[in-house]
Amino acid sequence: MSAMCGIFGYVGSREDAGKIVVDGLKHLEYRGYDSWGISYKCEDELIKIEKETGKISSVNSNDFCQKSSIAIAHTRWATHGGVSKCNAHPHLSEDGSISVVHNGIIENYQDLRNELKNKGYNFASETDSEVIPHLIQEELKSCSDFSTAVRNACKRFEGRFAVLAMDSNSQTLVAARTGSPLIVGVEKADNGKIDGFFIASDIPAFMEYSKTVQYLDDGEMVVTDGNKIVFTDLETGEEHPKREIEITWNAEKANKGEYDHFMLKEIMEQKDSVARAVNQDEEQIKTIANAIRNAKGTFLIGCGTAHKSCMAGEYFFSIIAQHHVNVSSAGEFKPYHHFLQPESLVIVVSQSGETADVLEAMNIAKEKGSKVLAIVNVEGSTIAREADYTLLINAGPERAVASTKALTGQMAVLILIAYAMIDKLQDGKKQLLDATALINDMLNPRYIDFLRGVAGQIHTHEDLYIIGKSWNFPMALESAIKIQEVSYIHAEGFAGSELKHGPIALVEEGTPCIALIGNDELKGDIIGNTIELKARGAKIIGIAPENNEVFDTWIKVPDAAAAQAIINIIPVQVLSYFLAVQRGKDPDMPRNLAKSVTVK
Ligand code: AGP
């Protein structure tokens, strides 16, 4: 099984299809990097397949320059079926004419595998994905058309998947999806004539060739021979007309620029990305504020970092708008479904817009007739297209696995909505735009260098604790995620008040502890909690607008009032980046993780 992966295919007039898909796949490496594989058809030959464990970034695309006009490729994040060459995609049919790459999980693969084995098919891998080419070959026995055979095979799968299949006989690519993203790129000559088609998990794969895209929706299939393309309903085969969309952002923005890693680039982009999140259609914000005011129960739902945005949102709505909202991590939402009514409002927050747990929570809400608002970063993502309303945070492509600018964009939007609920949208907007100016001042080379030095003082520790109160408590939890996922330090976040009820037993002489502090009425309390840590030997790093004698190291942050959570998390993001680098880890592609968790 390959849960989160990068899929890419090309068919058209170009004759370096192998090279195209290798180069394009490198832009999808952030989606999974346990193994990679390419299949391409050279003239008058069967399909060539190359696959290997390890990262696609180490592969020389010039090794794939044989003349070919059709190819598919895959970069894998393994869930079931270990990291091995034979489990890498693509997978080939027994007759060698069909190769397939797959993202997602085929939940009934055991039954299909047994059925095919009983029909004499042999399996080379442990993956669920390998049932696909064999089933297509089997289906071809009862229908002559490749796309019909793919359709019939896909209709037998249970679960969420994106499949891309290549047929060497008909020189055709067929793709289908139920839940994992697939986007078509259309390449045209200057005279408008179609030159070829790309099919990928994400746009950067083909960005250098085309910015004209068509989105494959859930339950759709697409067939192309490089000259034309047809979108159909996967179940019925009915043709779906599909409009072309022009992408506005450029490839450069989607690449690293002058930074060593996407993570630092995206942290620094918060000088601009928070402002873009704030600049929303004001009427839409007011409409959403009204919808929350009038809803019979509002639920904020997300996973991981996005869930911490939701937790901060609970404080924003309580403190700014005196309004109660419910929060749940998407994977834990099911026990609450009996509270949902048609008058309820479910707000799902997701950077990628593809997180399976969030999609499942959305489906629960829609089954109950509740309205769904999506706050997402990726335009055209599944969540964005299936929600009733969508707010884009406009952070631009976030490629590092560690979510940074998406978090601050999400929180900015939630703060804006909270102010709109008390009819003070302009006040909220001003506070947030003031905060973006403070971010711009804060993220200067001297400050970054200071944070690099702070990381240098603590990067050898294996345990680290972070405390906060109010909206800084979710930021303490978020700080832990950042530090955990890129540096592999065992970091834990706590509400400051909770320490003395157990966790403080963990503190030893010299244990680094970060305190997230604002100039609010809780400052005395959190300082008190920090003194408790200090008394037990902790090495205190205070992130606060003002210094305090309890701090061993003071990381100064501007006083940003209601935007303090946004401000305070940024030095932690930088700190976690340097901790990773100083511990010899790759902050962009941490072990065991992938950017978009498209499995439950
Ligand atoms: C964040 O740094 C993590 N990579 C992860 O927790 C992430 O926030 C989570 O998987 C949710 O992703 P989404 O925002 O794309 O839904």
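Relevant structure appears above.
We now turn to the structure provided with this report. (Residues numbered from 1 in each chain as written. Predicted model: local features only at pLDDT ≥ 70, side-chain atom pairs only at ≥ 80, totals over all residues. Heavy atoms only, no water.)

Topic: the packing of aromatic side chains
- Taken as a whole and judged by the stated rule, the model has 11 aromatic pairs.
- Where Tyr 577 meets Phe 578, the ring centres are 5.2 Å apart and the plane angle is 65°; that geometry is what we call edge-to-face. Phe 578 matches Tyr 577 in its accessibility class, with the two residues each being buried.
- An aromatic cluster is present here, built from Phe 8, Tyr 10, Phe 198, Phe 206 and Tyr 209 joined pairwise through their rings. (Phe/Tyr/Trp six-rings, centres within 6.5 Å; stacked < 30°, edge-to-face > 60°. Buried < 20%, exposed > 50% of the residue type's maximum accessible area, 1.4 Å probe, protein only.)

Some points on helix α8 (residues 304-321)
- Spanning 18 residues, α8 covers 25 Å between terminal C-alpha atoms, matching the ideal 26 Å at 1.5 Å per step.
- Counting buried positions over the 18 residues of α8 gives 13, a clear majority of the element.
- In the stretch just after α8, Gln 322 is the one whose phi turns positive, near 50°. (Helix = DSSP H or I, 4+ residues; strand = E, 2+ residues; numbered from the N terminus. Expected span 1.5 Å × (residues − 1).)

Notes on the site of the ligand
- Among the 14 residues in the neighbourhood of the ligand, the closest are listed as Ser 350, Gln 351, Ser 352, Thr 355 and Glu 485.
- The separation between an oxygen atom of the ligand and a polar main-chain atom of Thr 305 is 3.1 Å.
- Listed by contribution, the elements that provide at least two residues to the shell around the ligand are α8 and α14 (472-487).
- The element best represented in the shell around the ligand is α8, accounting for three residues.
- Residue classes in the shell around the ligand are distributed as five nonpolar, seven polar and two charged. (Near = heavy atom within 4 Å. Polar contact = N/O pair within 3.5 Å; in protein donor to acceptor, adjacent residues only side chain to side chain. Nonpolar A, V, L, I, M, F, W, Y, C, P; charged D, E, K, R; others polar.)

Observations regarding the pattern of salt bridges
- Here the structure, examined in full by the defined rule, presents 30 salt bridges.
- When the shortest N-O distance is used, the salt bridge between Asp 423 and Arg 293 registers 4.0 Å. Of the two residues, Asp 423 sits in the loop between α11 (405-421) and α12 (425-442) while Arg 293 sits in helix α7 (residues 282-294), which places them 130 residues apart along the sequence.
- Under the relative-accessibility criterion, Arg 293 is labelled partly exposed at 33%. (Salt bridge = Lys/Arg side-chain N within 4 Å of Asp/Glu carboxyl O.)

Some details on the pairing of strand β17 (residues 345-350)
- Burial of β17 is extensive: six of the six residues sit out of reach of the surface.
- Because side chains alternate across β17, one face comprises the buried residues Leu 345, Ile 347 and Val 349, and the other comprises Val 346, Val 348 and Ser 350, equally buried.
- Pairing between strand β15 (residues 298-302) and β17: four bridges, direction parallel. Across the sheet, the residue bridging to Phe 299 is Val 346, located in β17.
- Pairing geometry for β17 and strand β18 (residues 371-376), over six bridges, is parallel. Bridge pairing links Leu 345 to Lys 371 in β18.
- Remark: the β17/helix α9 (residues 356-367)/β18 crossover connection has right-handed handedness. (Pairing = 2+ DSSP bridges. Right-handed = clockwise from strand over helix to strand, strands pointing away.)

Topic: the sheet that holds β18
- Read across the open sheet, the five strands follow the order β16-β15-β17-β18-β19; overall the sheet is parallel. Of all the strands in the sheet, just β16 (326-329) and β19 (389-392) have a single pairing partner and so form its edges. When the angles between neighbouring strand axes are averaged without regard to direction, this sheet yields 20°.
- Sitting on the sheet, α7 is in contact with β15, β17, β18 and β19, with an inclination near 125° to β19.
- Packed onto the sheet, α8 meets β15, β16 and β17 and runs at close to 150° relative to β15. (Axes fitted to C-alpha atoms, helices over the stretch in contact; angles between N-to-C directions. Contact = heavy atoms within 4.5 Å.)

Some details on helix α6 (residues 270-278)
- When α6 is considered as a whole, its buried residues turn out to be Gln 270, Ser 273, Val 274, Ala 275, Ala 277 and Val 278.
- Each element contacted by the buried residues of α6 is listed here: α5 (262-268), α11, α12 and α16 (564-582).

A few points about unusual backbone geometry
- For the peptide bond that leads from His 89 to Pro 90, omega is 5°, which places it in the cis range.
- Mapped onto the fold, Pro 90 is located in the loop between β4 (68-78) and β5 (91-92).
- Within the chain, Ser 470 stands out as a residue other than glycine whose phi angle is a positive 55°.
- Among the structural elements, Ser 470 can be located in the loop between β20 (463-468) and α14.
- For Asn 592, which is not glycine, the phi dihedral falls at a positive 65°.
- With respect to the helices, strands and loops of the structure, Asn 592 is situated in the segment after α16.

Remarks on the side chain of His 74
- Mapping His 74 onto the fold places it in strand β4.
- There is a polar contact of 2.8 Å between the side chain of His 74 and the backbone oxygen of His 102.

Observations concerning the pairing of strand β11 (residues 212-215)
- Judged by which residues are buried, β11 turns out to be covered on both faces: Thr 212 and Gln 214 on one side and Val 213 and Tyr 215 on the other are all buried.
- Bridge analysis of strand β9 (residues 183-188) against β11 gives three bridges, and the strand direction is antiparallel. Residue Ile 183 lies in a different strand from β11, and its bridge partner there is Tyr 215.
- Two strands pair when backbone bridges link them, and β11 and strand β14 (residues 245-246) are joined in this way by two bridges, in the antiparallel orientation. Within β14, the position partnered with Val 213 by the bridge is Ile 245.

Side note on the nonpolar core
- Residues Phe 316 and Ile 375 are the most contacted members of the largest nonpolar core, which totals 88 residues.
- The leading source of residues in this core is α11, at 13 residues.
- Dropping the residues within four chain positions of it, Phe 316 is found in contact with Ala 321, Met 411, Leu 414, Ile 415, Ala 418, Trp 471, Ala 562 and Ala 565.
- Counting residues in each nonpolar core, the second largest holds 29 residues, with Tyr 10, Ala 200, Tyr 209 and Ile 247 among its members. (Core = buried A, V, L, I, M, F, W, Y, C linked by side-chain atoms within 4.5 Å.)

All quantities given are derived from atomic positions and should not be read as evidence of function.
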